[in-house]
Amino acid sequence: MTKYDGKGESRKFDPNFKGPIHNRGCTDILCCILFILALLGYFAVGIIAWSQGDPRKVIYPTDSRGQFCGQAGTPLEKKPLLFYFNILKCASPLVLLEFQCPTTQLCVESCPNRHLTLIKAKVGNKDDQEYYKKYCKEGVDFTGLSPPEILKDGLCPAMLMPSKAFTRRCLPALATLKGGVVVVGNETTFDDGNSGTVNASDVLEASKKSNIAVEARQVAMRIFEDYTHSWHWILLGLVIAMVVSLIFIVLLRFLAGIMVWIMIILVILVIGYGIFHCYMEFASLKGEPGADVTIRDLGLQTDFSVYLQIRQTWLAFMIILAIVEFIIILLLIFLRKRIMIAIALIKEASRAVGHVMSSLFYPLLTFALLAVVIAYWAITAVFLSTSNEQVYKVFNTSVCPFSRETCNPKTFNSSNASLVCPDAECLFAFYGGETLYHKYLILFQFYNVFLFFWCANFVTALGQVTLSGAFASYYWAFKKPEDIPAYPIFSSLGRALRYHTGSLAFGSLILSLVQVIRVLLEYLDHKLKGAQNKFAKFLLSCLKCCFWCLEKCIKFLNRNAYIMIAIYGKNFCTAARDAFFLLMRNIIRVAVLDKVTDFLLFLGKLLIVGIVGIFSFFFFSGRIKAVEQAAPSLNYYWVPILTVVVGSYLIAHGFFSVYAMCVDTLFLCFLEDLERNDGSQERPYFMSQDLLTLLKKSNEDYKSMD
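Residues numbered from 1 in each chain as written. Predicted model: local features only at pLDDT ≥ 70, side-chain atom pairs only at ≥ 80, totals over all residues. Heavy atoms only, no water.

Peer 1: If you had to explain the overall build of the protein chain to someone new, which residues and values would you point to?
Peer 2: Helix and strand counts for the protein chain stand at 22 helices and twelve strands. Looking at the protein chain as a whole, 46% of its 706 residues qualify as buried. Long-range contacts, defined as pairs at least 24 residues apart, comprise 72% of the intrachain contacts of the protein chain with a sequence gap of at least 6. A total accessible area of about 36,800 Å² is found for the protein chain, and carbon and sulfur atoms account for 65% of it. (Helix = DSSP H or I, 4+ residues; strand = E, 2+ residues; numbered from the N terminus. Buried < 20%, exposed > 50% of the residue type's maximum accessible area, 1.4 Å probe, protein only. Contact = heavy atoms within 4.5 Å. Areas by Shrake-Rupley, 256 points an atom, 1.4 Å probe, with all protein chains shown as cover.)

Following this line, the structure appears as structure tokens:
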């Protein structure tokens, strides 16, 4: 009987419905065309970026003439370091790393190691002159020109100061003595070469972020070193995670009910052991020197093992784990009845996965496609960011009609600007460009980010439609496995690509728009961190929260819409509407049963990560005596542990995502089954006997559940 209660019309019985419809047509054709055009545009942006960009700018520093320092096969091969004529013109080392310091830059063999001014070098001995010439432009007549002439033409720096190489760039050798006195090469002040003095603190102000950058570089190098020593053990840990996940999936196939309860108990025990271990570490540090220092007093340390030597760290870990344990136990107590139905759904999902074993390998295709999307985005982003050209401007001290106009340093001395303005110079200004391409470069970067989200969401949507179509074929087969069509994964993938590329593009487009807005909000939040306008910060936080919630809602609706597309072959809007009303008509079951199933599957992932994480912790920290000698010597043993934990979660998520999609598909089919059929001989239920028993229904007579 048809019902209508403002939540859509219930499904009518259709004797010809046997699962996913094969006689279907193309949907959302306009969006399909738009997606294809967007991809063609994306390829065009990539080709333009690859033709204009030069990743060598990331690898090699560039001098003021656009030459790469230290590049093999060039005249500058033996000059790998970049020297700045006037380091004080640079706002910070971060500007240097972005190749945008507005001063003459020169490739040199080594950095200056002593303080020397141009005037002192001119009146000094031959060794001083030869030493100073190494930091001047090529072909300078050092003995024939006077210091004012040299400085006027920008041929040499006014002074040299002790420097050290950092990321192939010569930065001042800053140091701090006792009492906070800043020095450069053991000097607090020195002659700037222009009848003035420069304080070392002024240099520190220009390079105040150097220490942070140096520390970050040291940490990065130590982490890289740890990876080189432990990569084979990390791979072994990930293989173990894959084996454990496969064993878990196979056991779920045959012992779903028992495995779920074992999983729940083991998760509680694993977290309980974590609480116990944190308490033992917390208690063992009692009375130890320095153990009572707080994390706030300790500040940011590059040696992260220091944090494990204070009691507050272990207390924080213990409190977090205790809260997680308490929440899990509470949920299990209050949802114990719903857990039984969820277990029945998982059992049914296990049977479905068992009959469609190829579904377990489909995530490999998704991972491969996502890897291609990420690689294309990253490579295009690098080429776009390095496609800027050096822009030279006319700089002058007197009035000049050509001031700040673009110039060419190679032809400037013979140009009209040089004749009209004798004191003008053609100097490097910034990296950019004034062509049409450079004016719209920021739009290309934005387009690259937007298409990255769109393509990544499309790949995910393709996987969801493919899996849901295969599992729907299983559910609507009355006699299992006899009525299950052959090669359900390949058939479902073919239907998705042939008929529903437009619908998948439509759903992923909506999600991508929200994600791009979230990225822009994060960018604005980063820019407003130093702002004092509290209302603007509050408004931005509200917008971030709202769009986060909106993204979660769209993902949920898209997922269920894709299931309806896989079954009925309708366009995206119709499928989303049907899925929404079907869920609204069964809102209690959706809110409890579906989420309980997701929670149980999450516990499964948590268990696999916990098992692999605990073993990797004991191994890399050298606490297993039997293999203590085999454990690599590391700077930070948490580096391989975190890598194994994150990798294990991704592997487990890949396998369990198949289960989650299967459960969601079976759940929607289950709701449709309840609306379409009544258990009579003419309209029998398609659900398993376990679900019929739990719902107190049968295929002989109809009894209302409510």
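From this point, the discussion proceeds with the structure in view.
Peer 1: Account for the environment of Val391, with residues named and values stated.
Peer 2: The residue Val391 is located in strand β11 (residues 389–395) in this model. Separated by 35 residues in the primary sequence, Val391 and Cys426 place their C-alpha atoms 10.0 Å from one another.

Peer 1: Lay out the nonpolar core in plain terms, naming residues and giving numbers.
Peer 2: One finds Leu252 and Leu600 to be the most contacted residues of the largest nonpolar core, which totals 110 residues. With 19 residues, the top contributor of residues to this core is helix α21 (residues 638–676). Counting 20 residues, the second largest nonpolar core, distinct from the first, contains Leu116, Tyr132, Val140 and Leu155. (Core = buried A, V, L, I, M, F, W, Y, C linked by side-chain atoms within 4.5 Å.)

Peer 1: Kindly report on helix α18 (residues 534–568), identifying the contributing residues and their values.
Peer 2: A rise of 1.5 Å per residue sets the reference length of α18, with its 35 residues, at 51 Å; its end C-alpha atoms lie 50 Å apart and thus fit the reference within 8%. One or two residues past the end of α18 sits Gly569, with phi positive at roughly 70°. (Expected span 1.5 Å × (residues − 1).)

Peer 1: Which residues make up the state of the cysteines, and what values go with them?
Peer 2: Following the criterion strictly, the structure yields three disulfides and no others. Note that Cys69 is cross-linked by a disulfide to Cys107, the S-S spacing being 1.9 Å. Every disulfide takes its handedness from the sign of the S-S torsion; for Cys69 and Cys107 that torsion is -75°, giving left-handed. You can see Cys69 sitting in the loop between α2 (56–59) and β1 (81–84) and its partner Cys107 sitting in strand β2 (residues 105–108), a full 38 residues away along the chain. As far as the burial class goes, Cys69 and Cys107 line up, both buried. With no disulfide partner, Cys32 has as its closest neighbouring cysteine sulfur the one in Cys26, 7.6 Å distant. (Disulfide = S-S within 2.5 Å.)

Peer 1: Before we move on, could you go through the packing of aromatic side chains and cite the residues and values that matter?
Peer 2: Under the defined criterion, the tally for this structure stands at 24 aromatic pairs. Seen in terms of ring centroids, Phe450 and Trp454 are 5.9 Å apart; in terms of plane orientation they differ by 50°. Their pairing is tilted. Of this pair, Phe450 and Trp454 both sit in helix α15 (residues 441–475), separated by four residues, roughly a single helical turn. Look at Trp454 and you get buried, because its relative accessible area is 2%. Between the aromatic rings of Tyr562 and Phe572, the centroid separation amounts to 6.2 Å while the plane-to-plane angle is 55°, which identifies the pairing as tilted. Residue Tyr562 is located in helix α18, and its partner Phe572 is located in helix α19 (residues 572–585); the two are separated by ten residues in the primary sequence. Like Phe572, Tyr562 is buried. (Phe/Tyr/Trp six-rings, centres within 6.5 Å; stacked < 30°, edge-to-face > 60°.)

Peer 1: Before we move on, could you go through empty space enclosed by the protein and cite the residues and values that matter?
Peer 2: Rolling a probe over the atoms, with the probe sized like a water molecule, indicates the empty space that remains. Under the counting rule described, the total for this entry stands at three cavities of 30 Å³ or more. What the largest cavity holds in volume is close to 120 Å³. Lining the largest cavity we find Phe83, Tyr84, Phe85, Asn86, Ile87, Met159, Leu160, Met161, Ser163, Cys170 and Pro172. Of all the secondary-structure elements, those providing two or more residues to the lining of the largest cavity are β1, β4 (159–160) and β6 (169–172). (1 Å grid on protein atoms, 1.4 Å probe; cavity = no way out; pocket = protein on both sides within 12 Å on 5 of 7 lines; lining within 4 Å. Points joined across faces, edges and corners; volume = space filled by probe spheres on them.)

Peer 1: Would you mind going over the UniProt feature "transmembrane region" (unreviewed entry) in the protein chain in detail, with residue names and values included?
Peer 2: Under the UniProt annotation, the feature "transmembrane region" (unreviewed entry) is placed at residues 29–50, 231–251, 258–276, 314–335, 356–379, 451–478, 599–622 and 634–652. Span residues 356–379 is 75% helix and 0% strand, its end C-alpha atoms 37 Å apart. With 79% helix and 0% strand, residues 634–652 has end C-alpha atoms that lie 27 Å from one another. (UniProt positions renumbered as here; feature names shortened; annotations may be inferred.)

Peer 1: Could you give an account of unusual backbone geometry, with specific residues and numbers?
Peer 2: A positive phi is found at Asp28, a non-glycine position, where the angle reads about 50°. Along the chain, the position of Asp28 falls in the segment before α1 (29–52). Unusually for a residue other than glycine, Tyr487 sits at a positive phi of about 50°. Following the sequence through the fold, Tyr487 ends up in the loop between α15 and α16 (488–499).

Peer 1: Describe the packing of α1 against α15, naming the residues involved and giving the relevant values.
Peer 2: As a packed pair, α1 and α15 sit with axes 10 Å apart at the nearest point and diverge in direction by 130°. In terms of axis orientation, α1 runs oblique to α15. Helix-helix and strand crossings are classified by hand; for α1 and α15 the assignment is left-handed. When α1 is examined against α15, the residues Leu34, Phe35, Ala38, Leu39, Gly41, Tyr42 and Val45 are found in contact with a partner set consisting of Phe444, Tyr447, Asn448, Leu451, Phe452, Trp454, Cys455 and Phe458. Here the contact of α1 with α15 is built from residues that sort into 13 nonpolar, two polar and no charged. (Axes fitted to C-alpha atoms, helices over the stretch in contact; angles between N-to-C directions. Parallel < 35°, antiparallel > 145°, perpendicular 65-115°, else oblique. Left-handed = near helix turned anticlockwise from the far one by under 90°. Nonpolar A, V, L, I, M, F, W, Y, C, P; charged D, E, K, R; others polar.)

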